[in-house]
Amino acid sequence: MNDNNIRLRSLILLLASLTAMTPLAIDAYLPAMPEMSAFFNVSIHDTELSLSLFLAGFAIGQIIGGPFSDHFGRRAATGSGISLFCLGTLGIIFSPSMEWVWAWRIVEAFGGGLAVVNSAAVIRDLSKGQESARHLSNMAVIMMLAPLLAPLIGMLLLHLSGWRLIFDFLLVYGLLIGSTLFFKMPETRLKTEHRPSALRRYKMVLSHRCAVGFIFCQCFALGGMFAFITGSPSVYMGYFGISETVYPFLFGANVIAMMLFNRLNLRLLQRHRPQHILKVGQAGQLTAAVLLLAYIGLSQTPSLLVVIPLVIIYIGIMGLIVSNATSSTVEYFPTNSATATALLGAGGFATGAISGSLVGMLGDGTPWPMTLVMFICALLAPALRCLLHYRQETP
């Protein structure tokens, strides 16, 4: 293996670690939600709102971070974002009320979005096409260790010293990643004489029908996933009576499935184009959503033994969708990749915030709201892709 390959693999590992900040910040405190509710004397739904606010703040951070990165460079955007992430995390640790947690959670998320938007952009700077899809899929395999381990880490830290220790961990992680990237990450932005404004950059992406079709694929895939993430604590621990000790293992099973599907994706990319694999993944996810919704709707006493495998398939197939949707989108924008990535991420997390809020608003103590929103997302993604790609030439 030559030096260039070694450096590229090291960079992918660093970018995966950067991207992992998001699932760590989302998933690590899920087991602590009941304790946080009791500590601040608020309802569990008020605590769940902090997740939706994080997703909204993360989306805004990416919207601003994309053009910022394309204009000023990947290093400047990454450093600024990680600094804000650490500041917001520090604010949460010393928050006197849930309202302060909400406010600092937005700051934390904004910084995370500003930083993380650079990961896929750097990959696009260095590669394209199927090679880009392979790099993104490899990065996703490494990155998915974070949501696999995050609830387990959260549960351990919760038992050791309470919910604040979880955010102490996030602060230390952010500082370590930031300092490492400062010394190791090169500037990869493709320099051009013409630098359009942020609005013009977004117009370039949003006016491309095929790209928007792929963006919707990722948006609603993430929307379905965040519907599960938001609803799973109350469904698994509330409705089915699973303990906070067992919950992280059930949650982690979904991440293992995503990792396996990602490995499958890498093999399929040797013979098939990313767009073809994406279509197969969407068909499989919609099938799982239909079966899950039908089972919950028809069964008076649904069994966890049926619900869990269907959820695992639904979430696992994300491994065939996200990296292929990302590579298919940024392929159109070699000098505007961070802006395209920003729309992918911001749209996905905004959809996740909406779907998570819907799950909370429709919450009736049963799995029905969660499964209904998951189904709607799985249906809209391929429907909008087909509509926007109709009579269009796609790669």
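Before any of the text, the structure's been laid out above.
Residues numbered from 1 in each chain as written. Predicted model: local features only at pLDDT ≥ 70, side-chain atom pairs only at ≥ 80, totals over all residues. Heavy atoms only, no water.

Colleague: Explain the packing of helix 12 (residues 209-239) against helix 17 (residues 337-362) here, please?
Modeller: The geometry of a pair of packed helices is captured by two quantities: the angle between their axes and the separation between those axes. Orientation of helix 12 relative to helix 17, taken along the N-to-C sense of each, is 35°, at an axis distance of 7 Å. The way helix 12 lies across helix 17 gives a crossing that is right-handed. Along the contact surface, helix 12 presents F214, I215, Q218, C219, F220, L222, G223, F226, A227, T230 and G231, while helix 17 presents L343, L344, G347, G348, F349, T351, G352, S355, G356 and V359. Each residue belonging to the contact of helix 12 with helix 17 can be placed in one class, and the counts come to eleven nonpolar, ten polar and no charged. (Axes fitted to C-alpha atoms, helices over the stretch in contact; angles between N-to-C directions. Helix = DSSP H or I, 4+ residues; strand = E, 2+ residues; numbered from the N terminus. Left-handed = near helix turned anticlockwise from the far one by under 90°. Contact = heavy atoms within 4.5 Å. Nonpolar A, V, L, I, M, F, W, Y, C, P; charged D, E, K, R; others polar.)

Colleague: Teacher, can you tell me more about the side chain of S328 here?
Modeller: Structurally, the position occupied by S328 is in helix 16 (residues 318-330). What makes S328 buried here is its relative accessible area of 1%. (Buried < 20%, exposed > 50% of the residue type's maximum accessible area, 1.4 Å probe, protein only.)

Colleague: Sorry if this is basic, but what is going on with the environment of F249 here?
Modeller: In this structure, F249 sits in helix 13 (residues 247-268). Each C-alpha atom of the pair F249 and P151 lies 8.1 Å from the other, and the pair is 98 residues apart in sequence.

Colleague: Got a minute to help me understand the nonpolar core in this structure?
Modeller: As a rule of thumb, soluble globular proteins bury nonpolar side chains together. Core analysis: the biggest nonpolar cluster contains 114 residues, and F228, I229 and Y236 have the highest contact counts within it. If one sorts the elements of this core by residue count, helix 12 sits on top with 16 residues. In this structure, I229 is in contact with I26, D27, L30, L51 and F251, ignoring residues within four places of it in sequence. (Core = buried A, V, L, I, M, F, W, Y, C linked by side-chain atoms within 4.5 Å.)

Colleague: Looking at this structure, I do not really get the packing of aromatic side chains. What am I missing?
Modeller: We describe a pair of aromatic rings using the distance from one ring centre to the other and the angle between the two ring planes. Per the counting criterion, the structure on display carries 16 aromatic pairs. Ring geometry for Y239 and F240: centres 4.9 Å apart, planes at 90°, overall edge-to-face. The class for F240 is buried, based on a relative accessible area of 18%. An aromatic cluster of three or more residues is present, and its members are Y29, F39, F40, W163 and F167. Here the guanidinium or amino end of R75 rests over the ring plane of F182, the centre of that ring lying 5.5 Å away. Residue placement shows R105 over the ring face of Y29; its charged tip is 4.4 Å from the ring centre. (Phe/Tyr/Trp six-rings, centres within 6.5 Å; stacked < 30°, edge-to-face > 60°. Lys NZ or Arg CZ within 6 Å of the ring centre and 35° of its normal.)

Colleague: Is there a simple way to think about helix 17 in this case?
Modeller: Given 3.6 residues per turn, any residue in an α-helix points the same way as the ones three and four places further on. Between the first and last C-alpha of helix 17 there are 37 Å, a value that for 26 residues agrees with the 38 Å anticipated at 1.5 Å per step. By the criterion of burial, helix 17 is predominantly enclosed, with 19 of the 26 residues buried. (Expected span 1.5 Å × (residues − 1).)

Colleague: Just checking my understanding: could you explain helix 11 (residues 198-206) for this structure?
Modeller: For helix 11, the complete set of buried residues consists of R201, Y202 and V205. All buried residues of helix 11 fall inside an arc of 95° around its axis, so they share one side. Away from its buried face by more than 90 degrees, helix 11 exposes L199 and K203. Check the buried side of helix 11 and you find it contacts helix 4 (44-72), helix 12 and helix 17. (Arc of directions from axis to C-beta.)

Colleague: Teacher, can you tell me more about the state of the cysteines here?
Modeller: Working definition of a disulfide: a covalent bond connecting the sulfur atoms of two cysteines. The final tally for this structure, using the stated rule, is zero disulfides. Of all cysteine sulfurs, the one in C217 lies closest to C210, which takes part in no disulfide; the gap is 11 Å. Note on C217: no disulfide assigned, nearest cysteine sulfur contributed by C386 at a separation of 8.4 Å. (Disulfide = S-S within 2.5 Å.)

Colleague: In this structure, what is going on with the environment of R75? I would like to understand it.
Modeller: The topology assignment puts R75 in helix 5 (residues 74-93). Overall, the relative accessible area of 32% leaves R75 in the partly exposed class. In this structure, the C-alpha to C-alpha distance between R75 and A120, residues 45 residues apart in sequence, is 14 Å. Once you skip the residues sitting within four places of it in the chain, R75 turns out to touch L181, F182, M185, P186 and E187. A polar atom in the side chain of R75 sits 3.1 Å from the backbone oxygen of F182. (Polar contact = N/O pair within 3.5 Å; in protein donor to acceptor, adjacent residues only side chain to side chain.)

Colleague: Just to check I follow, could you spell out the pattern of salt bridges for this structure?
Modeller: Scanning all chains against the criterion turns up one salt bridge. Its salt-bridge partner being R105, residue E108 comes within 2.6 Å of it at the nearest N-O pair. Remark: R105 and E108 occur in helix 6 (residues 98-116); sequence separation between them is three residues, near one turn of the helix. (Salt bridge = Lys/Arg side-chain N within 4 Å of Asp/Glu carboxyl O.)

Colleague: Is there a simple way to think about the packing of helix 14 (residues 274-298) against helix 15 (residues 304-316) in this case?
Modeller: Following both chains from N to C, one finds helix 14 and helix 15 inclined at 155°, their axes separated by 8 Å at the closest point. In this view, helix 14 runs roughly antiparallel relative to helix 15, as classed from their interaxial angle. Crossing geometry of helix 14 relative to helix 15 is assigned as left-handed. Here Q285, A288, A289, L291, L292, Y295 and I296 of helix 14 lie close against helix 15, whose contacting residues are V306, V307, L310, V311, I313 and Y314. Of the residues that constitute the contact of helix 14 with helix 15, the class distribution is twelve nonpolar, one polar and no charged. (Parallel < 35°, antiparallel > 145°, perpendicular 65-115°, else oblique.)

Take it as geometry only, folks, not as evidence of what the structure does.
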